[in-house]
Amino acid sequence: MKILIITTFFVISCCMIGSHALPNQIVIGGIFDEKDKLLELAFRYAVERINNDPSTLTHSTLIAQPVWLPADDSYRAARDVCDILRNPVAAIFGPQMEKTANHVQSICDAMEIPHIETRWDYKLRRDAYSINLYPYPPSLSEAYRKILLALKWKEFVILYDTNDALVRVQTLLREGSFSVTVRQLEGEDFRPLLKEIRRAQQKRIVLDVHSSLIYTVLKQAAQIGLMGEYYNYFITSLDFNQVDLEEFKYSGTNITGIQLIDPKKLQHIVEDWKFGERRFARILTPDLLKVTTEAALMYDAVSLFAKGLDTLSSSHDVDIEKVYCEGDKTWQHGDSLINYMKWYGSPPQFGEGYKMGRNFSSYSGPVIGLTGLVKFDRMGFRSDFELDIVEMDQNETLKKVGTWSLSGHVNYTKSWSDTKGAVEKNLKNKTLIVMVAKADPYVMMKQDPMPLAGNDQFEGFCIDLIYEISLIRGFNYTFKLVPDGAYGSRDQVTGEWDGIVKQLMDHKADLGIVDFTITYEREEAVDFSMPFMNLGISIIYKKPQKKAPSLFSFTSPFSPDVWLYMATAYLGVSVLLFILARIAPNEWDNPHPCIQDPEELENAISLSNAFWFTIGSLMQQGSDIAPKAVSTRIVAGIWWFFTLIMISSYTANLAAFLTVERMDSPIEGAEDLAKQTKIKYGCKEGGSTYAFFRDSTIPTYQRMWAAMSSARPSVFTDTNEAGVERVSKSNGQYAFLMESSSIEFQVERRCDLMQVGGLLDSKSYGIALPPESPYTDPISSAVLRLKENGKLHQLKTRWWKERSGGRCMREASSAKSSGANELGLSNVGGVFVVLIGGMGIAALVAICEFLWNARELATDETASFCDELGSEVRFIMKCSGSTKPVRKKAPSTPEEPLFTYGSYGANYGYSDRK
Ligand code: GLU
């Protein structure tokens, strides 16, 4: 059925074609602003192109009739249009200025002469006889919005010159997800305003200014430092591609723009112009060699007009008549011609052309001009068009990275690897400022007899790491010490950052490296590379000193309590043995076995003998006293068992106590620190450890934070080194909370310090970069590469162990390899003291006994004590002979048996007989 209808249309159409005509010469008027030579040139050559192309207007020639007007002279514009219309013209093109254009438009409207425009016009209505090929402003505005959304811009400044811009950017102002600041550029010096923007740390700028101003604004922005890899511009002008960006190409700035036409496609037009002008011996000035969007639109406008006219002529005899502004005569074909032009811009559906009474078969396809498909919506607006998204690029100056269309939205063709490649290329041979702070062994000042300058002053793990990364990425670098020495912490009241973080945020540095912990708070403010080291918070504390063994360290195996209990047991058992021996009948023996019926019995276990027996068995020596009764033997047996166990335990423990150095630490971890108040503890002020305790929700750490923050004098230090120094000097009264990697470094060198306990958390060090730095990815991948090829490990070994490290480890292992410790006098000195003491006491007792004996003899013999003493001393002093005469003693009472005092030895055996 459809085919039948089409065939019928075709036949009818064929019958209608061919019999109608156009005048040989068709004049079209062009009204241009006096200074706008370019548009007039485009108009002329667009007409020439149509005339040279027999396929569009076969039998007619277009004649361009340009008129120049002073800008803003509406009266003259009206007069000139009327003058043009006095000659027969088929259409009026231009002008560009809004005021004059409006006048021209209303005259054309009245005269029913098609008025064709190529200018930005924000009016949301078009007059009936008007057609504008310039993209419809709300569509452009929508394109800006979609592109900025695709670029993930959230916060930016809009810089504009004229108030028209506010109409163009209205969708940006209305978009809820954008936070927009709008600033107007006034005068010629924009630097003060640009400086304000830089101070406000705005990194994204939408520049909506006339194309002639773009270069000036960018140049001034570059002068005040508002350019570089951290700044992003979006230029709304469709003539952005005509701006000379050569001097900004290597700044690293991200400049994105849009274009309706690819300037490369316009090359042949420029050649046409040059060639054509040479015929008149005219040379085109450089500004006339830049084909602007409006100039290209003029080409498309003329093409569209020619097509419309050609189609009109296929169904009508088109005669072009003079019309007068003063009269009421209008051009009868004006209406059809403008409709045909619009019809070309909105491809017909089957049947539609017929219904509209148009010659459907003469539709020769849409106009695809220099600005793409010329298409109009139902309201006659060119709302659907395609824009190229372009970016400034080092190679091509401008590179197409995507497209936008009303239907297809934003289509980015730039791949992730393109972006990555571009950034890596940009990084090559660039000189980055690397902000560092002093911290052993990450960044240290080189010790050299000669004064050093620049990068040579520094050495350390981080310095070598940057060197390795620079080899991979090919950049140069300059180290700078952070002025305030801080790494970066946010003031809890003002919210201001300090240290390296602040420097990065202000773009005073490109990289920040030191033992820089990646924290959530810092990550919000700056970017971080992949971590290059993992660690956790731990405690560095003074190693307990080896105690000089005490003189009486032989008592150490038992605690004082045990000694006390043993002494008590000794006393108790001795006394019990004595009592039981007196009770037990078997302990009473015949003292003289030769006498059959003795008068009296003797008990061998006197009190002193009981003590002698128990001490003898305690000392594992024994004695010649032996219990005979069952009860006393039980006591003796149990006492021997007791002594066996006690002495074995003592002996076993004694070896350990005399040989092993006891180094008990008063703290074993954070819990111990939190529990006590005697040992103070602190950390580096403003560092991540400080923040960890400040923000912790764990009760132990909260307690520790309360203790630390209230301690006076302060327990915080400016650097880790100061903290370590304090620990070293504090004699166990101060512990320092520090990151494990730094502790590892310190304990390798300071043998008096040690790490106490495990890690309180787990975190990493990273290289910091300014927020949204394009270099984050290349630096991260370089860090990963160094990790994987073992370079990071090598660097760590170099700075932790090889560089005068490992001393403490060596000392410890050499002490170990020297075998078991021999016991010194200090270990066993006490035993000698006891020996000497015992000997002394024995001597003293001997003297006392001697004196007592002398006194007794003197009394018995009624001699003087001194004579007795003298004769006894003289006997002793002879030091010869082992016999002594018996001194007879007269019995004092008749009942007492007579016996003699024999030698001193005999005295011992019978002493208890008295
Ligand atoms: N690495 C810490 C920081 O980045 C400094 C040392 C510490 O706080 O223990 O702030």
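Residues numbered from 1 in each chain as written. Predicted model: local features only at pLDDT ≥ 70, side-chain atom pairs only at ≥ 80, totals over all residues. Heavy atoms only, no water.

## Quick word on the pairing of strand β14 (residues 397–405)
Then step 1. One ladder, built from 8 bridges, connects strand β13 (residues 386–393) with β14; its direction is antiparallel. Residue pairing for β14: Met 392 is matched across the bridge by Leu 398.
Then step 2. The antiparallel hairpin formed by β13 and β14 contains 3 residues in its connecting segment.
Then step 3. Strand direction decides the pairing type here: β14 and strand β15 (residues 409–412), joined by 4 bridges, are antiparallel. Bridged to Ser 405 within β15 is His 409.
Then step 4. In sequence, β14 turns back onto β15 through a hairpin of 3 residues. (Pairing = 2+ DSSP bridges. Helix = DSSP H or I, 4+ residues; strand = E, 2+ residues; numbered from the N terminus.)

## Details of the side chain of Lys 763
Then step 1. When you line up the elements, Lys 763 lands in strand β29 (residues 763–765).
Then step 2. In terms of polar contacts, Lys 763 uses its side chain to reach the side chain of Asp 761, at 3.0 Å.
Then step 3. Those residues in contact with Lys 763, other than ones at most four positions away along the chain, are Thr 517, Met 533, Asn 534, Leu 535, Ile 537, Ser 688, Thr 689, Phe 692 and Glu 739. (Polar contact = N/O pair within 3.5 Å; in protein donor to acceptor, adjacent residues only side chain to side chain. Contact = heavy atoms within 4.5 Å.)

## Considering the nonpolar core
Then step 1. Grouped together as the largest cluster of nonpolar side chains are 96 residues, with contacts concentrated most on Phe 93, Trp 273 and Phe 305.
Then step 2. With 12 residues, helix α11 (residues 293–313) is the largest single contributor of residues to this core.
Then step 3. Once residues within four sequence positions are removed from consideration, Trp 273 is found in contact with Leu 38, Leu 41, Ala 42, Tyr 45, Leu 284, Leu 288, Val 291, Ala 295 and Tyr 299.
Then step 4. Counting 83 residues, the second-largest nonpolar core is a separate cluster that includes Phe 190, Leu 193, Phe 248 and Tyr 477. (Core = buried A, V, L, I, M, F, W, Y, C linked by side-chain atoms within 4.5 Å. Buried < 20%, exposed > 50% of the residue type's maximum accessible area, 1.4 Å probe, protein only.)

## Details of a positive patch on the surface
Then step 1. Among the surface-exposed residues, Lys 195, Arg 198, Arg 199, Lys 480 and Lys 508 lie close enough to one another that they form a single positively charged patch.
Then step 2. Positionally, Lys 508 belongs in the loop between α16 (499–505) and β20 (511–513).
Then step 3. With a relative accessible area of 46%, Lys 508 lands in the partly exposed category. (Patch = residues over 30% accessible without salt bridge, like charges linked within 9 Å, V, L, I, M, F, W, Y side chains within 5 Å. Areas by Shrake-Rupley, 256 points an atom, 1.4 Å probe, with all protein chains shown as cover. Salt bridge = Lys/Arg side-chain N within 4 Å of Asp/Glu carboxyl O. Lys, Arg positive; Asp, Glu negative; His and termini not counted. Charge placed at Lys NZ, Arg CZ, Asp CG, Glu CD.)

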